Amino acid sequence: MAEIKTISSVAWGSVKVVAGIASDSIKNILNIEPGDHGGGDSAQTKTIGESNDLVPVHDPASLSYGTVGGRTGVIATGVNGWGSTGGTTAAYVTELGEDGCYIEITQTATPTGHFMFALAYADDSTASPNTYSWLDWALYCNGGKVAVWEHGSQKYSDSNAANGFIADRTWRIAVDSDGEVTYQRSDDGFSSAGTTIYTSATTCVVPRDSDGSYLAGGFSLYTASPASVVLQSVKLHGILAGT
C-alpha cells in the first residue's frame, strides 16, 4: 500500500497525497489555481487596467477606463452631478484571509475634482444607484481634501490640504482578518507602515451574513469637470473572484 503523507507547507493548505506525486500534479488533481481558496489564503492584487474591469451602475458608457487630460485611470463619462457616474470593480472579495483586503489609489497629481472610492457590497449598488449612500466604507476627495463617508454619512474630515490627496500619495481602505476597517495614507506606496487617519466603528463581514453579498471596489464620481476626476493606479487586493 502506498505511503500517505501530509504536506502542510504549500500555500493552499494541508492536503494528504500519495508519496512521490509532484506538487504540480497535486494542484491538477485538486483543480486548484492561483486565486482559488480551497482552505488557504490565496490573496491577489488586481490592478484596474481596462473598462471590462468595471461594472457601471448606470449606462455602461457612464464609467470607464481611459485617458483624460494626460492622466489614465477610472474616468467619468456620464452626465453632470453626483450619482450619475458610479460603479464597482468586476473583481470582488469572497472572504477575508490572513491578509484581509484593501482598495487603494495613487494620484500622480493633486486632484481638483470630487470623487469617492470605497469598499462596498456590490449588490447594494443597484438598490440606490443615484446616490453614493450605498458605499459602505469610502474615502472622499473633496477638491484634494480628504474625508471619510460611510453609508452616506460623513465620519471624518480634514481641512488641511497637505493631509489630503497630494501627488504620489497612496490612499488605502483596508480590512484586516478580523473585519476591522481602517483608512490609511502613505507617501512611499506602503513600503513602510502607513498612517491611519480613521478606524471605522462598523465591522466588515465577507460574505455579508444577511444575503451573502461579496465586497467589491466601489466608485462615485462628480462629473461637472470630467478632466479633474481621474482615479489612477486603482488596486483591489484580497481573496478575489471575478478577475
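1. Some details on the overall build of the protein chain
For step 1, the next point in the chain: The secondary structure content of the protein chain amounts to one helix and 18 strands.
For step 2, the next point in the chain: Within the protein chain, buried positions represent 47% of all 243 residues.
For step 3, the next point in the chain: Considering only contacts within the protein chain whose residues lie at least 6 apart along the sequence, 62% involve residues at least 24 apart.
For step 4, the next point in the chain: By element, 47% of the accessible surface of the protein chain is carried by carbon and sulfur atoms, the whole surface being about 11000 Å².

2. Digging into the packing of aromatic side chains
For step 1, the next point in the chain: Scanning the entire structure with this criterion turns up eight aromatic pairs.
For step 2, the next point in the chain: Between Y132 and W149 the ring centres are 5.6 Å apart and the planes differ by 85°, which places this aromatic pair in the edge-to-face class. Of this pair, Y132 sits in the loop between strand 9 (114-121) and strand 10 (137-142) while W149 is found in strand 11 (residues 145-150), placing the two residues 17 residues apart along the sequence.
For step 3, the next point in the chain: Residue Y132 is classed as partly exposed on the basis of its relative accessible area of 23%.
For step 4, the next point in the chain: A ring pair is formed by Y140 and W149, whose centres lie 6.3 Å apart and whose planes are at 90°; its orientation type is edge-to-face. Of the two residues, Y140 and W149, neither departs from the other in class, the shared state being buried.
For step 5, the next point in the chain: These aromatic residues form a ring-pair network of at least three members: F115, F165 and W171.
For step 6, the next point in the chain: The lysine or arginine in question, R172, covers the ring of Y102, its NZ or CZ lying 3.7 Å from the ring centre.
For step 7, the next point in the chain: Across the ring face of Y121, the terminal group of R208 is positioned such that the distance to the ring centre comes to 4.3 Å.

3. Description of the sheet that holds strand 5 (residues 63-68)
Within a sheet, each strand pairs with its neighbour through backbone hydrogen bonds, oriented either parallel or antiparallel.
For step 1, the next point in the chain: One open sheet holds the three strands; their spatial order is 5-6-17, and the pairing between them is antiparallel. The open sheet terminates on both sides in strands that have one partner only, identified here as strand 5 and strand 17 (230-231).
For step 2, the next point in the chain: Pairing analysis gives two bridges linking strand 6 (residues 71-76) to strand 17, with the strands arranged antiparallel. Note that in strand 17 the partner of I75 across the bridge is V230.

4. A look at the environment of G194
For step 1, the next point in the chain: Positionally, G194 belongs in the loop between strand 14 (181-186) and strand 15 (195-199).
For step 2, the next point in the chain: For G194, a relative accessible area of 29% puts it in the partly exposed group.
For step 3, the next point in the chain: With residues near it in sequence (within four places) discarded, G194 still touches R185 and S186.

5. So, the nonpolar core
For step 1, the next point in the chain: One finds F117 and L139 to be the most contacted residues of the largest nonpolar core, which totals 37 residues.
For step 2, the next point in the chain: If you tally residues by element for this core, the top one is strand 9, at four residues.
For step 3, the next point in the chain: Those residues in contact with L139, other than ones at most four positions away along the chain, are F115, M116, F117, V146, A147, V148, F165, W171, R172, I173, Y183 and I197.

6. Some thoughts on the pattern of salt bridges
For step 1, the next point in the chain: Overall, the coordinates contain four salt bridges when judged by the stated rule.
For step 2, the next point in the chain: K46 serves as the salt-bridge partner of D53, at 3.4 Å between the closest nitrogen and oxygen.
For step 3, the next point in the chain: Residue D53 is classed as buried on the basis of its relative accessible area, which comes to 9%.
For step 4, the next point in the chain: A salt bridge links D187 to R169, with the shortest nitrogen-to-oxygen separation between them at 2.7 Å.

Analysis parameters
Residue numbers restart at each chain and count upward from 1, following the sequence in its written direction. Predicted model: local features are reported for residues with pLDDT of at least 70 only, side-chain atom pairs are reported and counted for 80 or more only, and whole-chain, interface and lining totals are derived from all residues. Water and hydrogen atoms play no part in the side-chain values, which are based on all heavy atoms of the structure. In this description a helix means any DSSP run of H or I spanning at least four residues, a strand means any run of E spanning at least two, and both kinds are numbered starting from the N terminus. Each residue is assigned to one of three classes by its accessible area relative to the maximum for its type, calculated with a 1.4 Å probe on protein chains only: buried under 20%, partly exposed between the two thresholds, exposed over 50%. By the convention used here, residues are in contact when the closest approach between their heavy atoms is within 4.5 Å. Working definition of accessibility: Shrake-Rupley area with a 1.4 Å probe, residue cover restricted to the visible protein chains. A pair of aromatic rings is counted whenever rings of Phe, Tyr or Trp (Trp by its six-membered ring) have centres within 6.5 Å, and the orientation is called stacked for planes under 30 degrees apart, edge-to-face for over 60 and tilted otherwise. In this scheme, the term charge over a ring applies when either NZ of a lysine or CZ of an arginine sits within 6 Å of the ring centre and within 35 degrees of the ring normal. Any two strands between which DSSP finds at least two bridges are classified as paired. Only buried Ala, Val, Leu, Ile, Met, Phe, Trp, Tyr and Cys residues count toward a nonpolar core, and they belong to the same one when joined by side-chain atoms within 4.5 Å. What makes a salt bridge here is a side-chain nitrogen of Lys or Arg within 4 Å of a carboxyl oxygen of Asp or Glu, nothing more.

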